[in-house]
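A closer look at the structure
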Amino acid sequence: MSTAQALKDLAEAARLVASATAVLSGDLPAGHAAYFALLTEHLGQQQTRAQIQAAHALRRTGAHKIDRESFQAITDAGTNPTIEQIEAARGHTTAGRTHFNSASGLLQDWLDIPRATASSRLIQADCLIGGVNEAGQPIAPWLPQLAEQFMDPDVDPRPVAATATKLHSARKDLGEGKAGRKKKEQLQADALAFLRTEPKSARKHINALIAEVKSGERPIKALLECIGIFRRGMRQGLVEYVLRLLPSQAAFIEAYLAKMDNPATVAGNREHLKDAEAHFTGEPGSDWDDEESMPDWAKGGNRSGPAEPEQSAPPETSPSSPRPDEHKPWEDMKPERRRLLGLLTLLMGSSPTGSGMSTPPAAQVSIVLNWEKMQQQLKDFAVTSSGLPLTPGEARAALCTAGVYPLVLNGTSLPLDLGRTQRLFSKAQGRAIRAAYRGCSYPGCSMPAERCELDHLDPWEKGGRTDIASADLNCPIHHIGRHCGLFRTVKVSGSRPLVLLSRELDPEQRLRINTYFMTPTEALAAEALAERMTTQWRSGLMAVEFAAA
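Here is a short report on the structure shown in this document. (Residues numbered from 1 in each chain as written. Predicted model: local features only at pLDDT ≥ 70, side-chain atom pairs only at ≥ 80, totals over all residues. Heavy atoms only, no water.)

**Quick look at the nonpolar core**
Operational definition: The criterion is simple. A nonpolar core is a set of buried Ala, Val, Leu, Ile, Met, Phe, Trp, Tyr and Cys residues joined through side-chain atoms within 4.5 Å. Here's how the labels work: a residue is buried when its accessible area is under 20% of the maximum for its type, exposed when over 50%, partly exposed in between, all with a 1.4 Å probe on protein chains only. By definition, any uninterrupted DSSP run of H or I lasting at least four residues is a helix, any uninterrupted run of E lasting at least two residues is a strand, and each is numbered from the N terminus. The contact criterion used is simple: two residues touch if any of their non-hydrogen atoms lie within 4.5 Å.
Counting residues in each nonpolar core, the largest one holds 38 residues, and the members touching the most others are L128, L143, L146, V160, L167, I206 and M533. Looking at this core, the elements that each hand over two or more residues are α6 (115-128), α7 (144-151), α8 (157-169), α10 (177-197), α11 (199-215), β12 (498-501) and α20 (520-538). Setting aside residues no more than four positions away along its own chain, L167 makes contact with W142, L143, L146, L187, Q188, I206 and I210. With 16 residues, the next largest nonpolar core counts F425, C445, L473 and L501 among its residues.

Dropping the structure here:
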C-alpha cells in the first residue's frame, strides 16, 4: 500500500469514527454501550501508538523544514482529501528560512499541542522507536525491551509509553558505562513484569522504582539534614507547607490518616471534625441542625455577621425543606480537607468549640519483619503496614518506641503464632492479618487494611475454623462481591489466599495477588510466586482449595 492510500484510509477512518460516535451517543442497548466503550478504548490505544509514530516521523524526515507551498498543499487537502491532493502534498524541504526550527516547534505551533505533551511524545519516540543523530542517521531505541512491547499490536501502548517517560526521567541517575546499562536493563525488566502481571498497580510500583533510583544510598546524616516542615508562603489565599519525613516517621502519619479516613474511629468521627471546621470557618457545625438551633447571625445564609433586614417576606417552607445554601454531605468532601482538620484537632488537643471532643487517640504502627531476611542481615527486612520500607537503623529504633507493634513473618509472608481459634477473629489476629496483607485482596484495589473487613473463607456455620490460614481481607465492596460469586478466593498452601477472576475479566485464568500495598521488591516476588503457583496448578502439580462463597 502506498503512503498516499494509507493517509486516505486514515482520513476515512476519522470520518467513520465521528459518524459512529454521533449515532452511539443517542439511545442504545446497555450491551451496545459496553461494546461502544470497549471499541473506543481500542481506538485510543491505536491513537496513542500513531501519535508517537507521527512525532518520530516528523523528526526523522525533517518535516519542520518543508517550504510554505508544501504547508499550503496540506492545508488545501484538509481532512477529506483525494488521492491526487495527497500526492501533491508530499512536500519539499528547503535550506532557507522556515516556519519552524524543530519537530517540537511544529507540534506546538502548527498542531497546537502543549509544549509538555510535544516534548513527551518525542521522548517516548526516542525510547520506544529510536532517534536521529546529527548526521541524520537512525539511532536504536533507548529502551529496547519496552520498545518490543510497544510494537506488539496486542499490547496497550499507553502504559508502556508512560513507563518509558518515567524511566527516561531517571536517565542521568543511572550513570554511564556497563553499570548504567545493567541498571537500565533491570529497570526495564522490573517495569515489564509489573505491566504484564498487574497493570492496575504497575504505575505505583514503577514510580517507587524510579524514586529508589533517584534517592540512591544516602547516609542517615544526609537524610536528617533534609527533613522538616518548610513554609513555602502564601499562594492563592492559602499558606503552603512542605513536610519531609523519614519513612519511620511517615509511618505514623500514614497510620493516623488511615484512622481519619474511617468514620467508625474516634479520629474519623465526621460530626466532631465538622465542629472543628466551624471554629476556623464560621460554617455551622453539627449542633446547627436547623434554623431554630442556629444563632441569629448565622441565619439566612449570612456567615459573617448580622443578617440584613429582609425587603420582603420569603415564601413559606416546611421545616424539612433544604436551605438554599445547604452544603454537600461531609462524606462527599475531599479526604485531604478532612485529614487536615483531623491533624489540626490533634494539635489543638481538644475541640475549641466546647463540644466536648477529646483528643483523638494516637496512631498505632505495625512493622512487618521478614524473619529470613533478618537472619541473612539483608537491608530490606522491615516494612510498615502501609508499605513504607525502613532501614535497619530505623527498624531497630522504632521497635523501642511505644505504639509500634512488630509482626514477625516467615519467608512466604504468613503470620506466625497468632492466638486462639474462636468464632470471631481476636484483636491480635485482626492486627496481624491487616499488617501482613495491608489491604483488600482484590487485584488492583487500593482500599487500605483499616477500611477492610476480615473475611472467613471457611464458613463458621459449616464447621469452619477461625484460623489465620482461613482468613482474608476484603473491602466492603469486594467482600460482598466474593460472596455473590463475582470472583473466587483460592487457598494455597504456603501463601496468602489468591484470587481467580471470572473468565470474562481474565480469559487466561491466572491466580492473582494484590500487590498495590507492597514495595516493588515485594511485589515482584509476589507476582513471581503467583505465576509459579498458576503453572503448578494447571499442570496438576499443586492442589488448591476454592473458598466457599
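**Brief notes about the side chain of T534**
Mapped onto the elements, T534 comes out in helix α20. Aside from chain neighbours lying at most four places away, what touches T534 is Q509, R510 and L511.

**Observations concerning α20**
Where we set the bar: Multiplying one less than the number of residues by 1.5 Å gives the expected span of a helix.
With 19 residues, α20 extends 27 Å between its outermost C-alpha atoms, agreeing within 8% with the 27 Å of an ideal straight helix rising 1.5 Å per residue. Burial in α20 covers these residues: P520, A523, A526, E527, L529, A530, M533 and T534. Elements that come into contact with the buried residues of α20 comprise α10, α11 and β12. Positive phi shows up at G540, right after α20, with a value of about 75°.

**A short note on the sheet that holds β12**
Where strands meet in a sheet, backbone hydrogen bonds hold them as pairs that are either parallel or antiparallel. The following threshold applies: Any two strands between which DSSP finds at least two bridges are classified as paired.
Overall, antiparallel pairing links the three strands, which are arranged β12-β11-β13 in an open sheet. On the outer flanks of this sheet lie β12 and β13 (545-546), each paired with one strand and no other. As defined by bridge partners, strand β11 (residues 487-491) adjoins β13 across two bridges and the pair is classed as antiparallel. Bridge pairing links K491 to E545 in β13.

**Thoughts on the pairing of strand β3 (residues 228-235)**
By the bridge criterion, seven bridges tie β3 to strand β4 (residues 238-244) in an arrangement that is antiparallel. The residue bridging G233 from the neighbouring strand is E240, located in β4. Between β3 and the antiparallel strand that follows it, β4, lie two residues; Q236 among them carries a positive phi value of about 55°.

**Digging into the pairing of β12**
Residues of β12 alternate between two faces, with L498 and L500 on one and V499 and L501 on the opposite face, all of them buried. Two elements, β11 and β12, share four bridges in a ladder whose sense is antiparallel. Bridge pairing in β12 links R488 to L500. Hairpin connection from β11 to β12: six residues lie between these consecutive antiparallel strands, with G494 at a positive phi of about 90°.

**Digging into the packing of helix α2 (residues 30-61) against α6**
Formally: Note on geometry: axes are C-alpha line fits, over the in-contact stretch for helices, and angles between N-to-C directions span 0 to 180 degrees. Orientation labels follow simple angle bins: below 35 degrees gives roughly parallel, above 145 gives roughly antiparallel, 65 to 115 gives roughly perpendicular, and whatever is left gives oblique. Residue polarity is assigned by list, with Asp, Glu, Lys and Arg as charged and Ala, Val, Leu, Ile, Met, Phe, Trp, Tyr, Cys and Pro as nonpolar; anything else, Gly included, falls into the polar class.
Two elements in contact, α2 and α6, have axes separated by 8 Å at closest approach and are oriented at 85°. As the angle between them shows, α2 and α6 are arranged roughly perpendicular. Here α2 contributes Q51, I52, A55, H56 and R59 to the contact with α6, which in turn contributes R121, L122, Q124, A125 and D126. Each residue belonging to the contact of α2 with α6 can be placed in one class, and the counts come to four nonpolar, three polar and three charged.

**Remarks on the pattern of salt bridges**
Here is the rule: Salt bridge, as applied in this entry: a Lys or Arg side-chain nitrogen positioned within 4 Å of an Asp or Glu carboxyl oxygen.
Inspection of every chain in the model, using the stated rule, returns 15 salt bridges. In this structure, the salt-bridge partner of D455 is R482, at a minimum N-O distance of 2.7 Å. Of this pair, D455 sits in strand β9 (residues 453-456) while R482 sits in helix α19 (residues 476-483); the two residues are 27 residues apart in sequence, bridging distant segments of the chain. Considered together, D455 and R482 belong to a single accessibility category, that of buried residues. The partner of K491 in a salt bridge is E545, with the nearest N and O atoms 3.9 Å apart. Of the two residues, K491 is situated in strand β11 and E545 in strand β13; the sequence distance between them amounts to 54 residues. Note on E545: relative accessible area 43%, which makes it partly exposed.

**A look at the packing of α2 against α8**
Where α2 contacts α8, the two axes come as close as 8 Å, and the packing angle between them is 40°. Here α2 is positioned oblique relative to α8, judged by the angle of their axes. Touching E41, G44, Q45, T48, R49 and I52 of α2 are P157, R158 and A161, all from α8. Taken together, the residues of the contact of α2 with α8 sort by class into three nonpolar, three polar and three charged.

**Focus on a nonpolar patch on the surface**
Which entries qualify depends on this criterion: A patch consists of residues whose relative accessible area exceeds 30% and which take part in no salt bridge; residues with like charges are grouped when within 9 Å of each other, and nonpolar side chains (Val, Leu, Ile, Met, Phe, Trp, Tyr) when within 5 Å. Each accessible area is a Shrake-Rupley result for a 1.4 Å probe, and residues are judged covered by the shown protein chains and nothing else.
A contiguous nonpolar patch, built from I229, M234, V239, Y241, L243 and L245 and spanning about 610 Å² of accessible area, is present on the exposed surface. For the nonpolar patch, the elements supplying multiple residues, two or more each, are β3 and β4. Considering every element that reaches the nonpolar patch, the biggest residue donor is β4, with three residues. Mapped onto the secondary structure, I229 falls in strand β3. Take I229: its relative accessible area is 62%, and that puts it in the exposed class.

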